[in-house]
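In case you want the letters, here they are:
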Amino acid sequence: MAIGIATTADMTAGEQEAEVAPHPSRIWPSTPRAYWALTVIVLATFLTFFDQVVFGMLAQRIKTDFGLSDAQLGFLGGPASIICYLFVGIPLARLADIYPRKYVLAGGVAVIGSIIALGGLAQNFFQFVGSRVFLAAGGSAHAPASYSLLADAFPPRKLTRAFALLQFGFIGGTTLGPIVGGMLIAMTAHWAPTQFGGLRIFAWQWIMIWVGLPGLLVALLFLTVKEPPRLAPAPDAPQPPREASFGRRMLTFTGLDAIRAIHARGRVYYPLFAGLALSAIEVFGLQFWRVPFMIRTFGWDERQIGAVMGGMILIASLAGLVLGGVLVEWLAKRHKDANVRAAAILFGGVTICSILSPLMPNGYLSLGVMSVGAMFGIAGAVPQNAAIQRVAPNAMRGQVTAIYLFMFTFFGAMGSFVVGLVQDYVIGDEAQLWKTLVLTASILLPIATLCMVRAIKPYREEVERLEAAGS
């Protein structure tokens with residue numbers, strides 16, 4: 001039976017392990033195996049977001065010690081980490097469609113951990129950029145491989161629950177990141193730079209080294225995961241010819257067939273992609289700049305920010321999981337488009353909170369409103385992810401997911417740079433960072449919400465078409 005472009009006879013040993021299971025009479029993996037796979041994926045996701053948050057906590061110190069402008073700092077926090085993704089992200093995600101996903105995940109998390117640690121050895125801005133360039137490349141296949149593996153490990157009736165539990169990786173990283181990051185910054189704040197083998201390592205760089213090393217342990221845990229059989233592609237699923245030339249096969253690795261599948265259902269995908277991209281610019285921009293904002297606007301230090309923000313984010317994230325599940329289930333009783341409808345509603349909540357947060361008169365209220373926005377964001381993440389998995393073709397689910405998440409990754413990474421550019425060239429005053437945050441939120445997020453609203457009807461029609469076809 002075919003997987004993508006390969007027949008069973010053409011498979012390598014690794015590809016044969018990633019076998020295909022028929023549908024709908026397939027036998028699903030046992031519950032313990034499915035949840036163990038989910039647990040390891042949650043750990044890897046935790047490390048990814050923990051690094052992002054801790055790196056954001058270090059932003060002001062990086063700016064000071066390396067003498068950066070806000071635009072340079074914004075570039076380091078975002079675009080530097082996705083340059084390599086532009087060239088290898090989609091091809092690497094193809095590995096999730098044809099090779100055992102546990103090996104793809106293990107390799108990715110090992111690379112991420114190593115690169116984060118190497119950032120602790122950077123001696124200047126350009127070396128720092130060099131280390132961050134390969135960061136997203138190492139993780140480019142993580143989400144596609146994770147989502148694809150979970151979709152084959154959990155039956156459809158339990159898949160939304162699995163994606164909800166997956167959010168604990170995000171919750172753990174964004175909750176413990178501020179708390180632990182603030183404590184580590186406070187602990188190392190008075191350390192003198194270390195001279196080591198000709199290298200000058202600032203105190204905060206040791207934190208990056210410590211944060212990166214656990215990735216190697218999680219990589220080993222992925223090897224204990226049992227690879228679930230893949231769902232067989234539908235008979236009418238778009239696939240390249242079985243006797244395709246080598247050049248044609250290479251085009252498949254670039255995402256050609258996934259792009260064609262997306263374009264064929266453009267009314268469904270394009271509004272979802274646009275809404276995700278625009279919201280990512282603002283959400284990631286705010287996430288990266290909130291610590292410098294608190295320092296410059298309210299005079300807080302990193303330890304105080306982490307202690308307050310960590311607790312608020314934890315409560316908001318747990319509330320978001322409950323809110324998202326309840327809202328989707330309630331809407332699902334009345335609408336086949338419940339996933340996208342819920343996402344549109346929750347986007348509206350994020351929009352309001354992102355605009356109001358920088359306008360609050362004190363730090364506690366600002367972080368409080370920001371946390372409510374995070375609650376809406378967490379609640380909206382589950383239906384967004386589930387919506388794509390519901391309509392993506394089985395034979396190329398990994399690459400379709402990768403392209404969808406590419407919009408989130410690429411435009412999200414641009415967020416910190418956009419904020420930095422607006423801050424340097426529009427606002428101009430370092431102490432007026434709050435104006436930049438309000439301005440970008442007021443422009444980008446209302447448009448993102450309208451895009452999600454626009455996606456409701458075509459998504460509903462696509463779900464009805466798939467149901468009629470027995471998918």
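Everything below is about the structure printed above this text.
Residues numbered from 1 in each chain as written. Predicted model: local features only at pLDDT ≥ 70, side-chain atom pairs only at ≥ 80, totals over all residues. Heavy atoms only, no water.

## Focus: the packing of helix α10 (residues 156-188) against helix α11 (residues 203-212)
The condition is simple: Orientation is described by axes fitted as lines to C-alpha atoms, over the contacting stretch for helices, and by angles from 0 to 180 degrees between their N-to-C directions. Put simply, DSSP marks the helices as runs of H or I at least four residues long and the strands as runs of E at least two long, and each gets a number from the N terminus on. We call two directions roughly parallel when the angle between them is under 35 degrees, roughly antiparallel when it is over 145, roughly perpendicular when it lies between 65 and 115, and oblique otherwise. Two helices crossing with the near one rotated counterclockwise from the far one by less than a right angle form a left-handed crossing, whereas a clockwise rotation gives a right-handed crossing. Two residues qualify as a contact provided that any one of their heavy atoms is within 4.5 Å of a heavy atom in the partner residue. Residue type decides the class: Asp, Glu, Lys and Arg count as charged, Ala, Val, Leu, Ile, Met, Phe, Trp, Tyr, Cys and Pro as nonpolar, and the leftover types, Gly among them, as polar.
Packing of α10 against α11 brings their axes to within 9 Å, and their N-to-C directions diverge by 140°. Regarding the angle of α10 to α11, the classification is oblique. As for the relative orientation of α10 and α11, their crossing is right-handed in sense. In contact with Leu184, Ile185, Met187 and Thr188 of α10, α11 contributes Ala203, Ile207 and Trp210. Each residue belonging to the contact of α10 with α11 can be placed in one class, and the counts come to 6 nonpolar, 1 polar and no charged.

## With respect to the nonpolar core
Our working rule: Take the buried residues of types Ala, Val, Leu, Ile, Met, Phe, Trp, Tyr and Cys, join any two whose side-chain atoms come within 4.5 Å, and each joined set is a nonpolar core. Relative accessibility thresholds used throughout: buried, under 20% of the residue-type maximum; exposed, over 50%; partly exposed, between the two (1.4 Å probe, protein chains only).
Grouped together as the largest cluster of nonpolar side chains are 58 residues, with contacts concentrated most on Leu166, Phe222, Tyr269, Leu272, Phe273 and Val340. Element by element, the count of residues in this core is highest for helix α2 (residues 31-57), at 8 residues. Among all residues touching Leu166, those that are not within four sequence positions of it are Leu38, Ile41, Val42, Thr45, Tyr147 and Leu150. The next biggest cluster of nonpolar side chains, apart from the first, holds 44 residues, and it includes Ile62, Leu76, Phe202 and Ile207.

## Points about helix α9 (residues 142-153)
Note the cut-off: In this scheme, a helix's expected span is set at 1.5 Å multiplied by one less than its residue total.
With 12 residues, α9 should cover 16 Å at 1.5 Å per step; its first-to-last C-alpha distance of 16 Å lies within 8% of that length. Across the 12 residues that make up α9, a large majority, 12, are buried. Within the span of α9, buried status applies to His142, Ala143, Pro144, Ala145, Ser146, Tyr147, Ser148, Leu149, Leu150, Ala151, Asp152 and Ala153.

## A closer look at the pattern of salt bridges
The criterion, for reference: Basic side-chain nitrogens of Lys or Arg form a salt bridge, by our definition, when they fall within 4 Å of a carboxyl oxygen of Asp or Glu.
Throughout the structure, instances matching the rule amount to 9 salt bridges. Its salt-bridge partner being Glu430, residue Lys63 comes within 3.7 Å of it at the nearest N-O pair. Highlighted residues: Lys63 in helix α3 (residues 59-66) and Glu430 in the loop between α19 (397-427) and α20 (433-468), separated in sequence by 367 residues. The exposure class assigned to Lys63 is buried, which follows from its relative accessible area of 11%. The residue Asp152 makes a salt bridge to Arg101 at a minimum N-O spacing of 2.7 Å.

In short, shape yes, function no, at least from these values alone.
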